[in-house]
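# Topology and contacts: notes
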Amino acid sequence: SDRLFGGFRKTSERLTGNLAGIVGKARLDDAQLDDIEDALIMSDLGPRAAARIRERLAEERFERDADERAIMEVVAREIAEILRPVAKPLDVVAFPRPQVILVIGVNGSGKTTTIAKLAHLFQEQDYAVMLAAGDTFRAAAIGQLAVWAERLGVPIVKGPEGGDPASVVFDAVKAATDQGIDALIVDTAGRLQNKRELMDELAKIRRVLGRLNPEAPHDVVLVLDATNGQNALSQIEIFKEVAGVSGLIMTKLDGTARGGVLVAAAEQYGLPIHAIGVGEKIDDLRPFNPDLLARVIAG
Ligand code: GDP
């Protein structure tokens, strides 16, 4: 987990930096608690998590005067409490197979890379994986997914650029069923500029899937780029409305100072968080480990 610690260094330094100098008594006074709450918000943890941590600190009777270290320990404990309920790996459990996993998110969020990482993870668990190029709007997206499929040695179903995504998905489910595939991972368009169109497109994909298997899609995974900070949170709001979301994967948590947004997402939305992305390589998808994350975030 070196990469994890390295990745969160800036986030943790930012939090420590923001909290620096707020030294308290065995009982923190209101002004100090205000300062701490502000510092937590400035560190992207969001108003709700910040208020919750403030409350916990207010209850605390520190053995000695509360220094930065003592405060951080309480912060870490509370972050772990916030993260624990949302930790949920993406398991392949659907019966009948295949499990259909729709992957959504804005362009550039790391959607394609995350699909490849998930495919790799499932392969390591001995599952048969197939990809579907449901973002037919961008030729580059189809191409990039095909490159990953080839590299990983997994089958891919794609259509022509500008084709109907729902028809690609239809073909993919048929092929996956015929070939005994365990997990079918579907890429989708991420053009949030045209919300109405995207909504219609995703609704149509859902309709077609539902006709083939009432349980499908089994998962609708929203990919979020942590470097977008609070904007990542508004994307949750929008995609919940546009497509429905069953879980999250947050990417680019390596090297950003905005890792606190993971805590904000957990506290504000309570959606399952399946994994996190900590790099561009195929094995840079890490399990969402609340206690470890709390420790790396709170230094
Ligand atoms: P898409 O447009 O959403 O499909 O995004 P891509 O998968 O093409 O990713 C956009 C860029 O982000 C690419 O350069 C990826 O290598 C990079 N990327 C994706 N995930 C991560 C991550 O976890 N960390 C870092 N540092 N880069 C990432």
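Data block above holds the structure.
Here is what the cut-offs are and how they apply
- Residues numbered from 1 in each chain as written.
- Predicted model: local features only at pLDDT ≥ 70, side-chain atom pairs only at ≥ 80, totals over all residues.
- Heavy atoms only, no water.
- Helix = DSSP H or I, 4+ residues; strand = E, 2+ residues; numbered from the N terminus.
- Rg over C-alpha atoms; globule rule 2.2 N^0.38 Å.
- Buried < 20%, exposed > 50% of the residue type's maximum accessible area, 1.4 Å probe, protein only.
- Areas by Shrake-Rupley, 256 points an atom, 1.4 Å probe, with all protein chains shown as cover.
- Lys, Arg positive; Asp, Glu negative; His and termini not counted.
- Charge placed at Lys NZ, Arg CZ, Asp CG, Glu CD.
- Near = heavy atom within 4 Å.
- Polar contact = N/O pair within 3.5 Å; in protein donor to acceptor, adjacent residues only side chain to side chain.
- Nonpolar A, V, L, I, M, F, W, Y, C, P; charged D, E, K, R; others polar.
- Contact = heavy atoms within 4.5 Å.
- Phe/Tyr/Trp six-rings, centres within 6.5 Å; stacked < 30°, edge-to-face > 60°.
- Lys NZ or Arg CZ within 6 Å of the ring centre and 35° of its normal.
- Salt bridge = Lys/Arg side-chain N within 4 Å of Asp/Glu carboxyl O.

### Focus on the overall build of the protein
- What the protein contains, in helices and strands, is 12 helices and 8 strands.
- Over its C-alpha trace the protein gives a radius of gyration of 21 Å, about what one expects of a compact globule, namely 19 Å for 299 residues.
- Residues classed as buried in the protein amount to 54% of the 299 residues present.
- For the protein, the exposed area adds up to about 12,900 Å²; of that, 49% sits on carbon and sulfur atoms.
- Computed over 36 positive and 44 negative side-chain charges, the inter-centroid distance for the protein is 2 Å.

### What to know about the site of the ligand
- With respect to spatial proximity, 18 residues lie near the ligand, and among them G108, T112, T113, D254 and E280 are the closest.
- Contact distances for the ligand include 2.7 Å between a nitrogen atom and a side-chain N or O atom of D254.
- Between E280 and the ligand, the recorded distance is 2.6 Å, taken from a side-chain N or O atom to an oxygen atom.
- Within the complex, the protein chains bury 80% of what would otherwise be the 590 Å² of accessible surface of the ligand.
- The biggest single contributor to the shell around the ligand is helix α6 (residues 111–124), with 4 residues.
- Residue classes in the shell around the ligand are distributed as 2 nonpolar, 10 polar and 6 charged.

### What to know about helix α11 (residues 261–269)
- Within α11, 8 of the 9 residues are buried, which leaves it mostly tucked inside the rest of the structure.
- Inspection of α11 places V261, L262, V263, A264, A265, A266, E267 and Y269 among the buried residues, and these make up the whole buried set.

### Section: the environment of L90
- Among the structural elements, L90 can be located in the loop between α5 (68–83) and β1 (99–104).
- Residue class for L90 comes out buried when judged on its relative accessible area of 9%.
- Considered as a pair, L90 and I249 are 159 residues apart in the sequence and their alpha carbons are 9.9 Å apart.

### As for the side chain of T256
- Within the fold, T256 resides in the loop between β6 (247–251) and α11.
- Residues contacting T256, with those up to four places away along its chain left out, are G7, K10, T11, A226 and T227.

### Overview of the packing of aromatic side chains
- Applying the stated rule across the entire model yields 1 aromatic pair.
- Ring centres of F122 and Y127 lie 6.3 Å apart, and the angle between their planes is 85 degrees; this geometry places the pair in the edge-to-face category.
- Sitting above the plane of the W148 ring, R151 keeps its charged end 4.5 Å from the centroid.
- Lying over the aromatic face of F137, R191 brings its terminal NZ or CZ to 3.8 Å of the ring centre.

### A word on the pattern of salt bridges
- A full pass over the atoms with the stated rule returns 25 salt bridges.
- Across the pair K25 and D29 runs a salt bridge, and its minimum N-O distance is 3.7 Å.
- Classification of K25 by relative accessible area gives partly exposed; the value is 47%.
- The salt bridge involving K252 is made with D225; its shortest N-O contact spans 3.3 Å. Of this pair, K252 sits in the loop between β6 and α11 while D225 sits in strand β5 (residues 219–225), and the two are 27 residues apart along the sequence.
- Among the residues examined, D225 registers a relative accessible area of 6% and is labelled buried.

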